[in-house]
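What follows is the residue order along each chain.
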Amino acid sequence: MRQFVREDMPSVLACCLSVALLAAVNASEPVAQDLVPRFKNITQEAHIQFSHLKGNQGVATILEEAGPGVCVADYNSDGWPDIYFIGGGDLHGRGIPARNALYRNNGEGTFTDVADAAGVPGTGFGLGCVWGDYDNDGRLDLYVTQYGKNLLYHNNGNGTFTDVTDKAHVDGTDFGTLFHTGAVFFDYDRDGWLDLYAGGYVTFGPNSKQTCMTSGEESSCPPTAYPGSPAVLYHNNRDGTFTNVTKAAGIFQPDGKNLSVAAVDYDNDGWPDLFVANDSMRAYLYHNEHDSTFKEVGLTSGMASHSATTITMDCLICTFLIFKRPGTISGTTKEADFSTRLATRAD
Ligand SMILES: [Ca+2]
Ligand SMILES: [Ca+2]
Ligand SMILES: [Ca+2]
Ligand SMILES: [Ca+2]
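About the thresholds
Residues numbered from 1 in each chain as written. Chains lettered and ligands numbered in written order. Predicted model: local features only at pLDDT ≥ 70, side-chain atom pairs only at ≥ 80, totals over all residues. Helix = DSSP H or I, 4+ residues; strand = E, 2+ residues; numbered from the N terminus. Buried ≥ 20, exposed ≤ 12 C-beta atoms within 10 Å, placed from the backbone. Contact = placed C-beta atoms within 7 Å. Pairing = 2+ DSSP bridges. Axes fitted to C-alpha atoms, helices over the stretch in contact; angles between N-to-C directions. Core = buried A, V, L, I, M, F, W, Y, C linked by C-beta atoms within 7 Å.

Caption draft 1: Structural view of the overall build of the protein. The secondary structure content of the protein amounts to five helices and 20 strands. With 347 residues in all, the protein has 38% of them scored as buried. Considering only residue pairs separated by 6 or more positions, the protein has 54% of its internal contacts joining residues 24 or more positions apart.

Structure (structure tokens):
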């Protein structure tokens, strides 16, 4: 069975890691064997037992093939990074349980799932997540993208969270979009308060075409089989609420098919810009015009990245080292440039 929506994170991390390694290797020949990082699978001994429920009944749909997301942050400020996993769901009424998981880092190599006690199990078919302190209380809050309404969980600072989605007006359905994947917090107007971009993927529902025939085989349909859907840019009102400013900011795109999104000041003008990886169509690069509007420059900048054989699907902000001194990869930070780049993955 062919699958048109691929897993996100492993490939992105591999992409990022390979770029970082390449930078180091190019600057240092030969590289000692014992300096090459090696990784060991410690999932079981770390007590992580999470499984994403794809939920398909027979051939999976494009929704069931999407996700799963994962996001890492130290939500309880104990100095140890914690992990939030997205659970998917059962869309066929079979009663198969699915929930998200918040694995609190115990600080000694193991994790404990505290999602229920923390109040962050999710409320639907989950797809993605992002951490950000939207209310500037010093504690990271959690935004979860789902099929249907997204969720904003406020971090109460005592190990629990409160669902403040309705109060904050950030469920992502403002323009009727239901299929949400990537989202990002960023302070586009530099007022010191994080704003929020919630992406929209294709328009898909129970009445849509569920599967397609590809090379004589039934499979999930490609994104080209469905219309796109608009994303939403929310401005932070500094009082726990947000305002939809998508059209005023010049980024209303009803045809977009957003998967991953990322924010970075790619041109070093001091204002954060926004990159949107669209599936089956060209990517968007929104340049911040410094006046609460954006200019889409994907094509002129060379970041649109779409042809008959390549489609941008993932993106990640990579910060890596480029060492100046030949023959070593053990230099100090004085000998290195820290460089932040936008990495993209094309399939
Ligand atoms: Ca922690
Ligand atoms: Ca907060
Ligand atoms: Ca702001
Ligand atoms: Ca910029």
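Caption draft 2: Broad picture of the sheet that holds strand β16 (residues 273-278). Spatial ordering of the open sheet is given by β15-β16-β17-β18, a layout of four strands whose pairing is antiparallel. Looking at the sheet topology across the chains shown, the edges are occupied by β15 (258-264) and β18 (294-296). Across the sheet, the mean angle separating the axes of adjacent strands is 20 degrees when strand polarity is ignored. Of the strand pairs in this sheet, strand β17 (residues 284-288) and β18 are connected by three bridges, and their pairing is antiparallel. Looking across to β18, one finds that tyrosine 286 is bridged to glutamate 296.

Caption draft 3: Inspection of the sheet that holds strand β14 (residues 242-244) at higher detail. Across the sheet, four strands lie side by side as β9-β10-β13-β14; this open sheet has antiparallel pairing. Pairing within the sheet leaves two strands with one partner each, and these edge strands are β9 (183-186) and β14. Going across the sheet, the axis of each strand differs from the next one's by a mean of 20 degrees, ignoring polarity. In the sheet, strand β10 (residues 195-198) pairs with strand β13 (residues 232-236) via three bridges, with the strands oriented antiparallel. Within the sheet, the bridge partner assigned to tyrosine 197 lies in β13 and is leucine 233.

Caption draft 4: View of the pairing of β17. The buried count for β17 comes to four of five residues, which makes it a mostly enclosed element. Pairing of β16 with β17 involves three bridges; the strand directions are antiparallel. Bridge pairing links leucine 274 to tyrosine 286 in β17. Counting the residues between successive antiparallel strands, the hairpin from β16 to β17 contains five residues, one of them, serine 280, with a positive phi of roughly 70 degrees. Counted between consecutive antiparallel strands, the loop separating β17 from β18 contains five residues, among which histidine 290 sits at a positive phi close to 75 degrees.

Caption draft 5: Layout of the environment of asparagine 150. As for its placement among the helices and strands, asparagine 150 is situated in the loop between β6 (141-146) and β7 (151-155). Look at asparagine 150 and you get buried, because 26 C-beta atoms sit within 10 Å. Separated by 23 residues in sequence, asparagine 150 and threonine 173 have C-alpha atoms that sit 8.0 Å apart.

Caption draft 6: Seen up close, the nonpolar core. In terms of nonpolar packing, the biggest core is built from 67 residues, with Val184, Leu196, Tyr197 and Val261 touching the most fellow members. It is β15 that contributes the most residues to this core, five residues altogether. Not counting chain neighbours up to four residues away, the residues in contact with valine 184 comprise Val130, Tyr197, Val261, Ala262 and Ala263.

Caption draft 7: Examining the pairing of strand β12 (residues 217-220) more closely. With four bridges joining them, strand β11 (residues 211-214) and β12 adopt antiparallel strand pairing. When the sheet's bridge partners are listed, threonine 211 is paired in β12 with serine 220. Two successive antiparallel strands, β11 and β12, enclose a turn made up of two residues, where serine 215 displays a positive phi of approximately 55 degrees.

Caption draft 8: Quick look at the environment of glycine 192. Locating glycine 192 in the fold gives a position in the loop between β9 and β10. Taking the C-alpha atoms as reference points, glycine 192 and arginine 238, separated by 46 residues in sequence, lie 9.2 Å from one another.

Caption draft 9: Molecular detail of unusual backbone geometry. Phi at serine 77 takes a positive value of approximately 55 degrees, unusual for a residue other than glycine. Along the chain, the position of serine 77 falls in the loop between β1 (70-73) and β2 (82-85). Among the residues examined, serine 77 registers 12 C-beta atoms within 10 Å and is labelled exposed. The backbone of asparagine 136 shows a phi angle near 55 degrees, a positive value even though the residue is not glycine. Tracing the backbone through its elements, the reader meets asparagine 136 in the loop between β5 (126-132) and β6.

Caption draft 10: Broad picture of the environment of aspartate 269. For aspartate 269, the position within the fold is in the loop between β15 and β16. Sequence separation of aspartate 269 and glutamate 289 is 20 residues, and the distance between their C-alpha atoms is 9.9 Å.

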